[in-house]
Amino acid sequence: MDTLEIITFPNKLLKQPTQPVDNIDDTIQKLIDGMADIMYAAPGVGLAAIQVGMDKSIIVFDEGLGNGEKSLRTIINPKIVCQEGSIISENEGCLSVPDFRSDVKRCAAVEVEGVDREGKPVKYSRDDFLAVVLQHEIDHLNGILFIDHLSSLKRQLYTRRVMKQQKKGNE
Ligand code: NI
């Protein structure tokens, strides 16, 4: 596999719902390894396959949230159910939405089901920050970015800034 690179807003792939994985073959295993490398190098606490331009329903995240020992988790074809109330994620950010952070309203607790990289069923019930990470990454698989949860005014401000920077870059 070629070296993976993070794609960023407004790349259209980020708006596209991803395809379920039905065969966890060598290519998928390599993709997961590549995603983990990119996530830890960034550094980030979660990453969806579409963020490296791969149209697959796969997320990785670090259960230790990047503190201390690595505890990488992979969920293939995740399904999420909101369990509880709402919280405001503070300063949420995304490797595909550079130089921008915002508070986002999220469910306080979630349950996620899917399979791991061995194809074994997995189920995660998580709250607080890990619930936010799971919602954020699974949103990616549905073509949703955290800025899509903001007011259109806030989103437009960011969009204009990106367009300006791109124009500058092309001059
Ligand atoms: Ni993201």
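As shown above, the structure is provided for reference.
First, a word on what this report is: a plain description of the structure on this page. Keep in mind that this is a model prediction, so the values were computed, not measured. Residue positions within a chain follow its written sequence, with the count starting from 1. The predicted nature of this model means local features are confined to residues of pLDDT at least 70 and side-chain atom pairs, given and counted, to a pLDDT of 80 or more, with totals for whole chains, interfaces and linings taken over all residues. Neither water nor hydrogens contribute to the side-chain values; these are computed over all heavy atoms in the structure.

1. As for the coordination of the nickel ion
Right, on to step 1. Here a donor is any nitrogen, oxygen or sulfur atom (N, O, S) within 2.8 Å of the metal, with 3.2 Å used for Na, K and Ca; water is not among the atoms considered, so some sites may look incomplete. Coordination of the nickel ion by the protein is provided by Cys94 (SG), His136 (NE2) and His140 (NE2), with metal-donor distances spanning 2.1 to 2.3 Å.
Right, on to step 2. Sequence spacing among the residues donating to the nickel ion works out to C-x41-H-x3-H. Here His136 and its partner His140 are both found in helix α2 (residues 128–141), four residues apart, which amounts to about one turn of the helix.
Right, on to step 3. When a residue's accessible area, from a 1.4 Å probe over protein chains only, is under 20% of the maximum for its type it is buried; when over 50% it is exposed; and in between it is partly exposed. The class for His136 is buried, based on a relative accessible area of 8%. Helix and strand assignments come from DSSP, with helices taken as H or I runs of at least 4 residues and strands as E runs of at least 2, each series counted from the N terminus.

2. Quick look at the sheet that holds strand β2 (residues 58–62)
Right, on to step 1. Pairing between two strands requires that DSSP report at least two bridges joining them. Ordered in space as β1-β2-β3-β4-β5, the five strands form an open sheet in which the pairing is antiparallel. At either end of the open sheet lies a strand with only one pairing partner, and these are β1 (46–48) and β5 (121–127). Strand-to-strand, the axes of this sheet are offset by a mean angle of 45°, without reference to chain direction.
Right, on to step 2. Relative to strand β3 (residues 72–94), β2 runs antiparallel, the two sharing five bridges. Bridging across to β3, Ile58 finds its partner in Ile76. Helix axes are fitted only over the stretch in contact, all axes being lines through C-alpha atoms; the angle between N-to-C directions runs from 0 to 180 degrees.

3. Describing the side chain of Asp62
Right, on to step 1. Counting through the fold element by element, Asp62 comes out in strand β2.
Right, on to step 2. In this count, Lys and Arg are taken as positive residues and Asp and Glu as negative ones, while His and the chain termini are left out. For salt bridges, the criterion is a side-chain nitrogen of Lys or Arg within 4 Å of an Asp or Glu carboxyl oxygen. Nearest to the buried, unbridged Asp62 among oppositely charged side chains is Arg73, at 7.4 Å.
Right, on to step 3. Here a polar contact means two N or O atoms within 3.5 Å. Within protein one must be a hydrogen donor candidate and the other an acceptor candidate, and residues neighboring in sequence count only if both atoms are side-chain atoms. Polar side-chain contacts of Asp62 include one of 3.0 Å to the backbone nitrogen of Ser71.
Right, on to step 4. Whether two residues touch is decided by their heavy atoms; if any such pair falls within 4.5 Å, the residues are in contact. Excluding residues that lie within four positions of it along the chain, Asp62 makes contacts with Met39, Tyr40, Val45, Glu69, Lys70, Ser71, Leu72 and Leu130.

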